[in-house]
Amino acid sequence: MKLPPFRRALMVCGASFALASAASAADPVTLIVPQLDSPKTLSPNFAIDSGAYPAASNIYSTLFTMDWGVLRGTSAYGDLAEKWDVSADGKVYTFHMRKNVKWHDGEPVTSADVKFTYDTIIAKKYPYSTFLRNVESIETPDPDTVILRMKTVDVSVIPMMAQAAQWWGKIYPKHLWEKVDGFDKGDNVLKPIGSGPFKFVRMEPGSVELAANPDYFRGKPAVDRVIIKHVTDANVARAEFDAGQYPWLPFDYAPPLSEVPALQKDPSVQVVFTPSHYGRDLLINMRKAPFDKLEVRQAISYALDRDAINRLAFGGLWRPTYNASVETQEKWVNPAAVFPHFDKAMAEKLLDEAGYKRGADGWRFATTVTGQPLADCKAMMPIIVQQLRQVGINASIVLYDQASFFNILPQGKFDLSCYSTRYGPDPDAYREHFATGRPRDYTGYSNAEVDELAERAITLIDPAQRQPLYQRIQANIVRDVPYVNLFNEQKTTLKRPGWTGFPTDEDGFNKSITWYGYSAVKPPAK
């Protein structure tokens, strides 16, 4: 479907959507942001709920976090923690909390809230508990100090906890939750009280409204009100952006990259490219035949022509990769560990040798390629399917909404899937995706050597000692082909000139609190 023509309108999304030039200094600024999924809860710590993360990340604080500043080397920075110290043996982390921080109900935030939150997460085995698995004890010697004592050295713990803080690990007020059994029940599940930059106002079908917290410890945000609006259709989101309803169009609604040259010539819109420590790849479900055969997985890798996908799906603007990593993680990449380059004849030969010869109808077997409604996956999948069909694999597309997609993956209910493996902010991310039975081991991959190397690598403080272990991990993965890495992911967002501080903007790096944070956003100067 051809997207509607771009309408030139530079607007401050105020209560009346007034033009910036007509707004007075007293006018409240309302930021409306579209998102793909509607939240099921506003208590994110217990759930895998992609719809909840944007609102929750602006309502709650974490002990420490990261945002897209990770691309410039900041793997973690303090949120409620002002700073932290690490003992010489690497087993004790002491966090010094900011003083005089208040919950949205006016009560003080203390170390007891952090301990209560983490203890509950661990006891209930909520998703963030994966990142607290090596914690032996949590101590609070005074209201402003939290001490984590580790069972063993784990150099990945800070960056990986900061990464997961995008979604979970939000600190909850003990005084409101301590009489509730878990974080999945009670009044505050849908009426949250946090300590973050925005206060909860209301949730209605299709939207969540937040108001700036005047007592926020970093200062009151420049945006007075945030409305997070549920928009499932990228064409609708784009039309509403064109009509001036949003000053920022997140990468979930990225335009076809063929439109980028024209957009870059338009003075009323800015195209922002943000690199990533994610790749864009094809997962292969090794639990299911015929993908349990190495030759079939290798054949799939040979069948995929990255240059053609890039040209047809991305207008040549993405960067293909043949490594089990991405360019932003360059210091950890094993350049010798590469996936097979495109070779249609080799793909056909391997499929024949695996016992899947073409039948009378020309097909070897049928399969599906699943995906979520991200613009880049939707652009890639038809081309991937066509390339698989060219080697006799009768492939078809199954597209899920984002919430359903992340439900079927852990259950292994897929054949092949367009996905985004993460390689940072610490290379321990390999363990999250490829160690046996880990939460994101969606392919069912199990390799004892990879498991052992990954466990050993996190105990080594010296990066020079860690690097050879991760290079061996990559060599194993490329040899076994549980997935095929295809591209360095690139986030593409659109915004109105004059607006600053969005999470994917460089002036929002190390200020946005998470990838979903709007506390650093500022409207055009009047």
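Just so it is clear, the structure is predicted and the values come from calculations on it, not from any experiment.

1. With respect to the sheet that holds strand β1 (residues 30-35)
Step number 1: The sheet built from four strands is open, its strands ordered β1-β10-β9-β8 with mixed pairing. The open sheet has two edge strands with one neighbour each: β1 and β8 (198-204). Adjacent strand axes in the sheet meet at a mean angle of 20° when their direction is disregarded.
Step number 2: When strand β9 (residues 207-212) meets strand β10 (residues 225-230), the two strands line up antiparallel, connected through five bridges. Residue Val208 lies in a different strand from β10, and its bridge partner there is Ile228.

2. Structural notes on the packing of helix α7 (residues 294-303) against helix α9 (residues 344-353)
Step number 1: At a minimum axis separation of 8 Å, α7 and α9 run at an interaxial angle of 165°. Considered as vectors, α7 and α9 are oriented roughly antiparallel to each other. The hand of the α7/α9 crossing is left-handed. In this structure, α7 uses Glu295, Val296, Gln298, Ala299, Tyr302 and Ala303 to contact α9, whose residues at the interface are Lys344, Met346, Ala347, Leu350 and Leu351.
Step number 2: Of the residues assigned to the contact of α7 with α9, the class counts are eight nonpolar, one polar and two charged.

3. So, unusual backbone geometry
Step number 1: The omega angle of the peptide bond from Ala289 to Pro290 is 5°, so this bond is cis rather than trans.
Step number 2: Within the secondary structure, Pro290 sits in the loop between β12 (270-284) and α7.
Step number 3: Omega for the bond connecting Gly424 with Pro425 falls within 30 degrees of zero, at 5°, which places this linkage in the cis form.
Step number 4: Secondary-structure assignment places Pro425 in the loop between β16 (416-419) and α12 (429-434).
Step number 5: Positive phi, normally seen in glycine, also occurs at Asn100, with a value near 65°.
Step number 6: Relative to the elements of secondary structure, Asn100 occurs in the loop between β5 (92-97) and α2 (111-124).
Step number 7: The backbone phi angle of Lys125 is positive, close to 55°, even though this residue is not glycine.

4. Re the nonpolar core
Step number 1: Within the largest apolar cluster, 79 residues are counted, with the highest numbers of intra-cluster contacts made by Ile300 and Leu388.
Step number 2: Top element by residues in this core is helix α10 (residues 375-390). It accounts for seven residues.
Step number 3: Residues within four places of Ile300 in sequence aside, it is in contact with Leu282, Ile284, Phe291, Leu388, Ile393 and Leu416.
Step number 4: Residues Leu31, Phe95, Met97 and Trp248 belong to the second largest nonpolar core, which totals 68 residues.

5. What to know about the confidence of the model for the protein chain
Step number 1: Confidence in the prediction of the protein chain, expressed as mean pLDDT, is 93, and 95% of residues score 70 or more.
Step number 2: Note on residues 1-25: pLDDT under 50 across the span, and 62 contacts to partners over four residues away in sequence or across chains.

6. Structural notes on the environment of Glu240
Step number 1: With respect to the secondary-structure elements, Glu240 resides in helix α5 (residues 234-242).
Step number 2: Overall, the relative accessible area of 15% leaves Glu240 in the buried class.
Step number 3: Taking the C-alpha atoms as reference points, Glu240 and Pro34, separated by 206 residues in sequence, lie 9.4 Å from one another.
Step number 4: Ignoring sequence-local partners within four residues, the contact set of Glu240 consists of Lys229, Val231, Gln245 and Tyr246.

7. Things to note about the packing of helix α13 (residues 448-457) against helix α14 (residues 463-480)
How two helices pack is summed up by the angle between their axes together with the distance between the axes.
Step number 1: The N-to-C vectors of α13 and α14 enclose an angle of 160°; their axes lie 9 Å apart at closest approach. What the angle tells us is that α13 and α14 run roughly antiparallel. With respect to the hand of their crossing, α13 and α14 are arranged in left-handed fashion. Packed against α13, whose contacting residues are Glu449, Val450, Leu453, Ala454, Arg456 and Ala457, the element α14 presents Arg466, Leu469, Tyr470, Arg472, Ile473 and Asn476 at the interface.
Step number 2: Class assignment of the residues belonging to the contact of α13 with α14 gives a composition of seven nonpolar, one polar and four charged.

8. Here's the deal with the sheet that holds β5
Step number 1: Ordered by their spatial adjacency, four strands build an open sheet running β4-β5-β7-β6, and the pairing between neighbours is antiparallel. With one partner strand each, in any of the chains shown, β4 (81-86) and β6 (135-142) form the two edges of the open sheet. Strand-to-strand, the axes of this sheet are offset by a mean angle of 20°, without reference to chain direction.
Step number 2: The sheet contact formed by β5 and strand β7 (residues 145-150) spans five bridges and is antiparallel.

Quick notes on the rules
- Residues numbered from 1 in each chain as written.
- Predicted model: local features only at pLDDT ≥ 70, side-chain atom pairs only at ≥ 80, totals over all residues.
- Heavy atoms only, no water.
- Pairing = 2+ DSSP bridges.
- Helix = DSSP H or I, 4+ residues; strand = E, 2+ residues; numbered from the N terminus.
- Axes fitted to C-alpha atoms, helices over the stretch in contact; angles between N-to-C directions.
- Parallel < 35°, antiparallel > 145°, perpendicular 65-115°, else oblique.
- Left-handed = near helix turned anticlockwise from the far one by under 90°.
- Contact = heavy atoms within 4.5 Å.
- Nonpolar A, V, L, I, M, F, W, Y, C, P; charged D, E, K, R; others polar.
- Core = buried A, V, L, I, M, F, W, Y, C linked by side-chain atoms within 4.5 Å.
- Buried < 20%, exposed > 50% of the residue type's maximum accessible area, 1.4 Å probe, protein only.
- pLDDT = per-residue confidence, 0-100.

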